[in-house]
Amino acid sequence: MRIPPIARRTLLAAALAAASASVVHGHGDVQPQPVDTKGLPALGPDLLAENPYRGNPKAVEIGYSGYTQNCARCHGLEVISGGLAPDLRRLETGSEGDAWFMERIQNGAMINGTYKMPPFRDALSQEAMWAIRSYIESRHVDEG
Ligand code: HEC
């Protein structure tokens, strides 16, 4: 059977889309999971420099779920690292820690041309990111 040229183009486009999707999410990476942030104040489009939800129990609860679905497979359940990625309980608290947290969660970590940590800027809302930060900070421990 001859495939009409239009259908062939559609098939080719679908095949290309599938191929590029597997490049972006290569080596068995798990898709980022959306986080439902209902119940938290909305933050608007501009990225804040500091966590507006620090100490907010609702944010900690939502952040726990977001963390468990998106971060725990590398950074460990309940933020206790098994050694695959840094232990985020030791991330600095306060605004200094916020800045580094945002840099990493937005951009991921590319090392020698591959992502050791995927960027989450297109996958998670700012509300979800700060909720996750709130949860991580609630688990903070000092060095030692
Ligand atoms: C595929 C594994 C993976 C996933 C998933 C992942 N990370 Fe990471 N993350 C890493 C690795 C590896 C590093 C260390 C990168 C380096 O050596 O600079 C890192 C570094 C970080 C850092 C900087 C830590 C430091 O001490 O400098 C933060 C903050 C961070 N990740 C947050 C997150 C959050 C929040 C999530 C979930 C939304 C997440 N990561 C998901 C692998 C991952």
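Preceding this section is the structure that the text describes.
Caption draft 1: Region of the structure containing the packing of helix α2 (residues 57-70) against helix α5 (residues 126-138). Contact geometry of α2 with α5 gives a least axis separation of 7 Å together with a crossing angle of 95 degrees. In terms of orientation, α2 and α5 fall into the roughly perpendicular class. Side by side, α2 and α5 meet where Ala-59, Val-60, Ile-62, Gly-63, Tyr-64, Gly-66 and Tyr-67 of the first sit next to Ala-131, Ile-132, Ser-134, Tyr-135, Ile-136 and Ser-138 of the second. Taken together, the residues that form the contact of α2 with α5 break down as nine nonpolar, four polar and no charged.

Caption draft 2: Representation of the nonpolar core in the model. In this structure, Tyr-67, Phe-101, Ile-105, Leu-124, Ile-132 and Ile-136 are the most contacted members of the largest nonpolar core, which totals 26 residues. With near-sequence residues (within four places) excluded, Tyr-67 lies in contact with Ala-72, His-75, Gly-76, Glu-78, Val-79, Leu-88, Ile-132, Tyr-135 and Ile-136.

Caption draft 3: Representation of the packing of aromatic side chains within the structure. Scanning all chains against the criterion turns up three aromatic pairs. Here the aromatic rings of Tyr-67 and Tyr-135 are separated by 5.6 Å at their centres, their planes lie at 55 degrees, and the arrangement is tilted. Residue Tyr-67 is located in helix α2, and its partner Tyr-135 is located in helix α5; the two are separated by 68 residues in the primary sequence. Assigned by exposure class, Tyr-67 and Tyr-135 land together as buried. Grouped by ring-pair contacts, the aromatic residues Tyr-64, Tyr-67 and Tyr-135 constitute a single cluster.

Caption draft 4: Inspection of the site of the ligand at higher detail. Near the ligand lie 21 residues; those nearest to it are Cys-71, Cys-74, His-75, Trp-100 and Met-117. His-75 is positioned with one of its side-chain polar atoms (N or O) 2.8 Å from a nitrogen atom of the ligand. Arg-104 has a polar side-chain atom sitting 2.9 Å from an oxygen atom of the ligand. No other element matches the four residues that helix α4 (residues 94-107) contributes to the shell around the ligand. Considered class by class, the residues forming the shell around the ligand number 16 nonpolar, two polar and three charged.

Caption draft 5: Examining the pairing of strand β2 (residues 114-117) more closely. Pairing between strand β1 (residues 109-111) and β2: three bridges, direction antiparallel. Across the sheet, Met-110 pairs through a bridge with Tyr-115, a residue of β2.

Caption draft 6: Spatial organisation of the packing of α4 against α5. Put simply, α4 and α5 touch, their axes get as near as 11 Å, and they point 130 degrees apart. In terms of axis orientation, α4 runs oblique to α5. The handedness of the crossing between α4 and α5 is right-handed. Seen from α4, the contacting residues are Gly-94, Gly-97, Asp-98, Phe-101, Met-102, Ile-105 and Gln-106; seen from α5, they are Met-129, Trp-130, Ile-132, Arg-133, Ile-136 and Glu-137. The residue makeup of the contact of α4 with α5, split by class, is seven nonpolar, three polar and three charged.

Caption draft 7: Region of interest: the environment of Ala-99. For Ala-99, the position within the fold is in helix α4. Of the residues examined, Ala-99 reaches a relative accessible area of 46% and is grouped as partly exposed. Residues Ala-99 and Ala-49, 50 residues apart in the sequence, show an inter-C-alpha distance of 6.5 Å.

Caption draft 8: Examining the pattern of salt bridges more closely. This model, assessed by the stated rule, comprises nine salt bridges. For Arg-54, the salt bridge is made with Glu-137, and the minimal N-O distance between the two is 2.6 Å. Of this pair, Arg-54 sits in the loop between α1 (5-24) and α2 while Glu-137 sits in helix α5, and the two are 83 residues apart along the sequence. One salt bridge connects Lys-58 with Glu-61, and the closest N-O pair in it is separated by 3.8 Å. With a gap of three residues between them, Lys-58 and Glu-61 both fall in helix α2, about one helical turn apart.

About the criteria used
- Residues numbered from 1 in each chain as written.
- Predicted model: local features only at pLDDT ≥ 70, side-chain atom pairs only at ≥ 80, totals over all residues.
- Heavy atoms only, no water.
- Axes fitted to C-alpha atoms, helices over the stretch in contact; angles between N-to-C directions.
- Helix = DSSP H or I, 4+ residues; strand = E, 2+ residues; numbered from the N terminus.
- Parallel < 35°, antiparallel > 145°, perpendicular 65-115°, else oblique.
- Contact = heavy atoms within 4.5 Å.
- Nonpolar A, V, L, I, M, F, W, Y, C, P; charged D, E, K, R; others polar.
- Core = buried A, V, L, I, M, F, W, Y, C linked by side-chain atoms within 4.5 Å.
- Buried < 20%, exposed > 50% of the residue type's maximum accessible area, 1.4 Å probe, protein only.
- Phe/Tyr/Trp six-rings, centres within 6.5 Å; stacked < 30°, edge-to-face > 60°.
- Near = heavy atom within 4 Å.
- Polar contact = N/O pair within 3.5 Å; in protein donor to acceptor, adjacent residues only side chain to side chain.
- Pairing = 2+ DSSP bridges.
- Left-handed = near helix turned anticlockwise from the far one by under 90°.
- Salt bridge = Lys/Arg side-chain N within 4 Å of Asp/Glu carboxyl O.

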